[in-house]
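Residue-level structure breakdown
Chain residues, written in single-letter form:
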Amino acid sequence: MEGKRKQQMKKAFDEYFKRLLIYSQKLFGTRPTVTYTDRLNQNVLVTSPDEDGEVEWIPKAQLSHVNWKDLEQELRFSVCEELREYYTLYSFLMLSGTFGNAYLNFYPIDAVEPVPQTVKRQYADGQTVFPNSQIFLIGNAIVNDDDSYFIFFDNENGKLFCYESDTSQQLLLSYSIAKTISAMEARL
């Protein structure tokens, strides 16, 4: 089962990044770009900053190893395989697009900090909204023109959802990060 999940996540990322490249080339004539800072992971950058301070990037397979045993000891629970794959397959600076009536923006992975720090930070951020849970805050979203939604993943049941805390509105995306990424239309 682990190998199958890894294949699903890799396929989802590969399909999405292919769509992102096509979309960016069609729109700008370049690979995807982000605003340059010296804190960015240099391994994914493919150009120097242009006159607007933008730099082209490409996703790269992650080279670093995450010691999940130590990280899970610190978190006090086991991280599900899909979330492990999400955090460790690729380094990327952007993962955004439309999914149904939502615009999703997943936060970068391995962009400016090591993966274990990202995992701990996103877990801690999830706890501010959903204390005493295994929920991670992994992005932000616009749902029906409302930009106050955030993307959460529940490690216990695999639920990926958007949530707006002022109104307690929740939108189920799916029970799979890979399925959501695979179906998402790349947009900047």
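Here goes a summary of the coordinates provided.

Cut-offs and rules
Residues numbered from 1 in each chain as written. Predicted model: local features only at pLDDT ≥ 70, side-chain atom pairs only at ≥ 80, totals over all residues. Heavy atoms only, no water. Helix = DSSP H or I, 4+ residues; strand = E, 2+ residues; numbered from the N terminus. Buried < 20%, exposed > 50% of the residue type's maximum accessible area, 1.4 Å probe, protein only. Contact = heavy atoms within 4.5 Å. Pairing = 2+ DSSP bridges. Patch = residues over 30% accessible without salt bridge, like charges linked within 9 Å, V, L, I, M, F, W, Y side chains within 5 Å. Areas by Shrake-Rupley, 256 points an atom, 1.4 Å probe, with all protein chains shown as cover. Salt bridge = Lys/Arg side-chain N within 4 Å of Asp/Glu carboxyl O. Core = buried A, V, L, I, M, F, W, Y, C linked by side-chain atoms within 4.5 Å. Phe/Tyr/Trp six-rings, centres within 6.5 Å; stacked < 30°, edge-to-face > 60°. Lys NZ or Arg CZ within 6 Å of the ring centre and 35° of its normal.

Comments concerning the environment of Asp147
Within the secondary structure layout, Asp147 lies in strand 8 (residues 146–154). Take Asp147: its relative accessible area is 60%, and that puts it in the exposed class. For the pair Asp147 and Arg39, spaced 108 residues apart in sequence, the C-alpha separation works out to 27 Å. In this structure Asp147 touches Ala141 and Ile142, once residues within four positions along its chain are discounted.

Let's talk about the sheet that holds strand 6 (residues 102–106)
Pairing between the strands of a sheet comes from backbone hydrogen bonds, and it takes one of two forms, parallel or antiparallel. Across the sheet, seven strands lie side by side as 10-9-8-7-6-5-11; this open sheet has antiparallel pairing. Two strands close off the open sheet at either side, each with one partner strand: strand 10 (169–174) and strand 11 (185–186). Where strand 9 (residues 159–164) meets strand 10, five bridges bridge the pair, whose relative direction is antiparallel. If you follow Tyr163 over to strand 10, its bridge partner there is Gln170.

Structural notes on the side chain of Glu56
Along the chain, Glu56 falls in strand 2 (residues 54–56). In this structure Glu56 touches Thr30, Arg31, Pro32, Thr33, Val44, Leu45, Val46 and Thr47, once residues within four positions along its chain are discounted.

Examining unusual backbone geometry
Residues other than glycine seldom take positive phi values, yet Asn132 does so here, at roughly 60°. Among the secondary structure elements, Asn132 is positioned in the loop between helix 4 (115–129) and strand 7 (135–143).

Looking at a nonpolar patch on the surface
On the surface, Leu27, Phe28 and Leu188 cluster together into a nonpolar patch covering about 290 Å² of accessible area. You can see Leu27 is positioned in helix 1 (residues 2–28). Leu27 gets classed as partly exposed once you look at its relative accessible area, which sits at 46%.

Observations concerning the nonpolar core
With 51 residues, the main nonpolar core has Phe13, Trp57, Tyr86, Tyr87, Leu95, Leu104 and Phe106 as its most contacted residues. Among the elements that make up this core, the one with the highest residue count is helix 1 (six residues). When neighbours within four sequence positions are excluded, Leu95 is seen to be in contact with Phe13, Tyr16, Phe17, Tyr86, Leu104, Asn105, Phe106, Ile181 and Met184. With six residues, the next largest nonpolar core counts Phe130, Leu137, Phe152 and Tyr163 among its residues.

As for the packing of aromatic side chains
Inspection of the entire model under this criterion finds 20 aromatic pairs. Look at Phe17 and Trp57: their rings are 6.3 Å apart centre to centre, the planes differ by 90°, and that puts the pair in the edge-to-face class. Of this pair, Phe17 sits in helix 1 while Trp57 sits in the loop between strand 2 and strand 3 (60–61), and the two are 40 residues apart along the sequence. Look at Phe17 and you get buried, because its relative accessible area is 9%. Ring pairs connect the aromatic residues Phe13, Tyr16, Phe17, Trp57, Phe77, Tyr86, Tyr87, Tyr90, Phe92, Phe106, Tyr123 and Phe136, which therefore count as one cluster. Over the ring of Phe161 we find Lys159; its NZ or CZ atom is 5.1 Å from the centre of that ring.

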